[in-house]
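# Chains, contacts and geometry: an overview
Below are the chains, spelled out letter by letter.
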Amino acid sequence: MSTIKNVTTDNFRNEVIEADKPVVVDFWAEWCGPCKKLSPILEEIAEELGDSVSITKVNVDEQRNLGAMFQIMSIPSVLIFKDGEKVDEFNGLRSKDDIVAQIKNHL
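Scope of this entry: the structure provided in the associated data block. Predicted model only: the values in this text are computed from it and were never measured. (Residues numbered from 1 in each chain as written. Predicted model: local features only at pLDDT ≥ 70, side-chain atom pairs only at ≥ 80, totals over all residues. Heavy atoms only, no water.)

## Thoughts on the state of the cysteines
Two cysteines form a disulfide when their sulfur atoms are joined by a covalent bond. Defined as follows: Any cysteine sulfur atom paired with another within 2.5 Å is treated as part of a disulfide. Here the term buried applies to any residue with accessible area under 20% of the maximum for its type, exposed to any over 50%, and partly exposed to those in between, with areas from a 1.4 Å probe on protein chains only.
The tally for this structure, following the rule as stated, stands at one disulfide. The side chain of cysteine 32 participates in a disulfide bridge whose partner is cysteine 35; the two sulfur atoms lie 2.3 Å from each other. Note on the cysteine 32 and cysteine 35 pair: the S-S dihedral is about 80 degrees, so by sign convention the disulfide is right-handed. Like cysteine 32, the residue cysteine 35 is buried in the burial classification.

Next up, the structure:
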């Protein structure tokens, strides 16, 4: 079972802005090869870090408003939010160790 939540314009405020822990938001699309490679890495991270962080996904084809709101120009784009504010981001495919290190900076 996936521990990654899908985020939409309807639940973005609740899942990301009002979250009581850091939130990783993966902006992706079904047709994006690197996005498909990043997904299992994020699944592993979600399982390993458990309740200390929330990992979420935004399908940019279905949620164009969120993509525009955060000026997503390429995917995958991963944004990290803490206390309702964007505190970090990266674009493209990264190694699991790099992603975990970046997330741990905000725990």
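## Remarks on the pattern of salt bridges
Note the threshold: What counts as a salt bridge is simple: a side-chain nitrogen of Lys or Arg found within 4 Å of a carboxyl oxygen of Asp or Glu.
Going through the model one piece at a time under the given rule, you end up with five salt bridges. A salt bridge links lysine 86 to glutamate 89; its shortest N-O distance comes to 2.7 Å. You can call lysine 86 partly exposed: its relative accessible area is 39%. Taking the relative accessible area as the measure of exposure, glutamate 89 reaches 39% and is therefore partly exposed. Members of the salt-bridge network, linked through shared partners, are Glu44, Glu48 and Lys96.

## Quick word on the nonpolar core
Inclusion rule: For our purposes a nonpolar core is just a set of buried Ala, Val, Leu, Ile, Met, Phe, Trp, Tyr and Cys residues, chained together by side-chain atoms within 4.5 Å. Numbering of helices and strands runs from the N terminus; a helix is a DSSP stretch of H or I covering at least four residues, while a strand is a stretch of E covering at least two. Note on contacts: a residue pair is in contact if any heavy atoms of the two residues lie within 4.5 Å.
One finds Phe27, Phe70, Ile75 and Phe81 to be the most contacted residues of the largest nonpolar core, which totals 19 residues. Those elements that provide at least two residues to this core are α1 (12-17), β2 (23-28) and β4 (77-82). Counting residues per element, this core draws most heavily on β2, at four residues. Ignoring sequence-local partners within four residues, the contact set of phenylalanine 81 consists of Phe12, Val16, Ile17, Lys21, Pro22, Val23, Val25, Phe70, Lys86 and Val87. Residues Val24, Leu49, Val53 and Ile103 belong to the second largest nonpolar core, which totals 16 residues.

## Concerning the pairing of strand β5 (residues 85-91)
Note the following rule: Strand pairing is assigned whenever DSSP identifies at least 2 bridges connecting the two strands.
Looking at chain direction, β4 and β5 are connected through six bridges and run antiparallel. Paired with valine 78 across the two strands is phenylalanine 90, which belongs to β5. Following β4, the chain reverses through two residues before pairing antiparallel with β5; aspartate 83 in that reversal takes a positive phi of roughly 55 degrees.

## Topic: the environment of methionine 69
Relative to the elements of secondary structure, methionine 69 occurs in helix α3 (residues 64-69). Residues methionine 69 and glutamate 18 lie 51 residues apart in sequence; the distance between their C-alpha atoms is 17 Å.

These figures capture arrangement, not role.
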